[in-house]
Amino acid sequence: MESIKNTPLYQEAIQELNYPYGNFYLFENFVIGEINKDVVFSWKDHAKAVVEEISDLYDQNGENLVYISNRIHPYSVIPSDWLNFFKHSYSLKGYGIVSYTPKGILNSLLEKLFLRGKLRSFNNLTEAISWAKNPSKTKENAA
């Protein structure tokens, strides 16, 4: 399990957003999120603030961004909260989940129900970043 901070790519980050519940690393066409241990990540308490700030910084609703969830810590996501994301007219070009445990992989399958055609699972950060950096393949490879 590797934090983006421990990779050479960290130097390419445009900006880093730090919240009490996690850190988000902004790059030209993608964002990497690392949520803290034991957080129950919800739209109301967490995602709404992050999405609004990132949307303002990129001056868009996310339609040209890929989001990578680098799950280096065990935490929970409320999958149905993705409905709030779309209800507020936000979008993503692609969504990658880097899982390091069998439970994490199982959780990503549940999230896939809410993100048909946009979600792709990975078992390492390097593959996820490579996928996110290649916008021409993002849509065709999203599972």
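Our subject is the structure listed above.
As the structure is a computational prediction, the values presented were derived from the model and not from experiment. The numbering scheme is per chain: residues are counted from 1 as the chain's sequence reads. Per-residue local features are limited, in this predicted model, to residues with pLDDT of at least 70; the limit for side-chain atom pairs, both in listing and counting, is 80 or more; totals at the level of whole chains, interfaces and linings are taken over all residues. Water and hydrogen atoms play no part in the side-chain values, which are based on all heavy atoms of the structure.

**Here we look at the overall build of the protein chain**
If you tally the helices and strands in the protein chain, you get five helices and eight strands. Moving toward the C terminus, one meets the helices and strands of the protein chain in the order β-β-β-β-α-β-β-α-β-α-β-α-α. By the burial criterion, 46% of the 143 residues in the protein chain qualify as buried. Summarising the internal contacts of the protein chain: among those between residues at least 6 apart in sequence, 68% fall at separations of at least 24. Each accessible area is a Shrake-Rupley estimate made with a 1.4 Å probe; only the visible protein chains count as cover when residues are assessed. Summed over its atoms, the accessible surface of the protein chain is roughly 7700 Å², and 51% of this surface lies on carbon and sulfur atoms. Numbering of helices and strands starts at the N terminus; helices are DSSP runs of H or I of at least 4 residues and strands are runs of E of at least 2. Remark: exposure states derive from per-residue accessible area (1.4 Å probe, protein chains only) relative to the maximum for the residue type, with buried under 20%, exposed over 50%, and partly exposed in between. A contact between two residues is defined here by any heavy atoms of the two lying within 4.5 Å.

**A closer look at the packing of aromatic side chains**
Think of a pair of aromatic rings as described by two things: how far the centres are apart, and how the planes are tilted against each other in angle. A pair of Phe, Tyr and Trp rings is counted when the ring centres sit within 6.5 Å of each other, with Trp represented by its six-membered ring. The angle between the planes then sorts it: under 30 degrees is stacked, over 60 is edge-to-face, the rest tilted. Evaluated as defined, the whole model comprises 10 aromatic pairs. Aromatic pair W43 and Y90: ring centres 6.3 Å apart, planes at 50°, arrangement tilted. Of this pair, W43 sits in helix α1 (residues 43-58) while Y90 sits in the loop between α2 (82-87) and β7 (94-98), and the two are 47 residues apart along the sequence. By relative accessible area, W43 is classed as buried at 8%. What makes Y90 buried here is its relative accessible area of 17%. Between Y67 and Y95, the aromatic rings sit 5.6 Å apart at their centres with planes inclined by 15°, giving stacked as the arrangement. Residue Y67 is found in strand β5 (residues 66-70), and its partner Y95 is found in strand β7; the two are separated by 28 residues along the sequence. As far as the burial class goes, Y67 and Y95 line up, both buried. One aromatic cluster in this structure is built from Y19, Y21, F24 and F41.

**Things to note about the environment of L125**
With respect to the secondary-structure elements, L125 resides in helix α4 (residues 125-133). Given the relative accessible area of 3%, L125 is considered buried. In this structure, the C-alpha to C-alpha distance between L125 and I97, residues 28 residues apart in sequence, is 9.0 Å. If sequence neighbours within four positions are ignored, L125 has contacts with E2, S3, I4, T7, I32, I68, N70, V98 and Y100.

**A few points about the side chain of N70**
Tracing the chain through its elements places N70 in strand β5. Pairs of N or O atoms are called polar contacts if they sit within 3.5 Å, as long as, within protein, a hydrogen donor faces a hydrogen acceptor (for residues adjacent in sequence, only side-chain-to-side-chain pairs). At a separation of 2.8 Å, a polar atom in the side chain of N70 contacts the side chain of E34. Polar side-chain contacts of N70 include one of 2.7 Å to the side chain of Y100. Not counting chain neighbours up to four residues away, the residues in contact with N70 comprise E2, S3, I4, I32, G33, E34, V98, Y100 and L125.

**Some thoughts on the pattern of salt bridges**
Salt bridge, as used here, is a side-chain nitrogen of Lys or Arg placed within 4 Å of a carboxyl oxygen of Asp or Glu. All told, the structure shown has two salt bridges when counted by the stated rule. Where K5 meets E16, a salt bridge forms, and the shortest distance between an N and an O atom there is 3.4 Å. Pair noted here: K5 is in the segment before β1 (15-19) and E16 is in strand β1, with a separation of 11 residues, a long-range link. Looking at E16, the relative accessible area reads 22%, which means it is partly exposed. Among the ionic pairs, K133 bridges to E12, the shortest N-O distance being 3.7 Å. Of the two residues, K133 is situated in helix α4 and E12 in the segment before β1; the sequence distance between them amounts to 121 residues.

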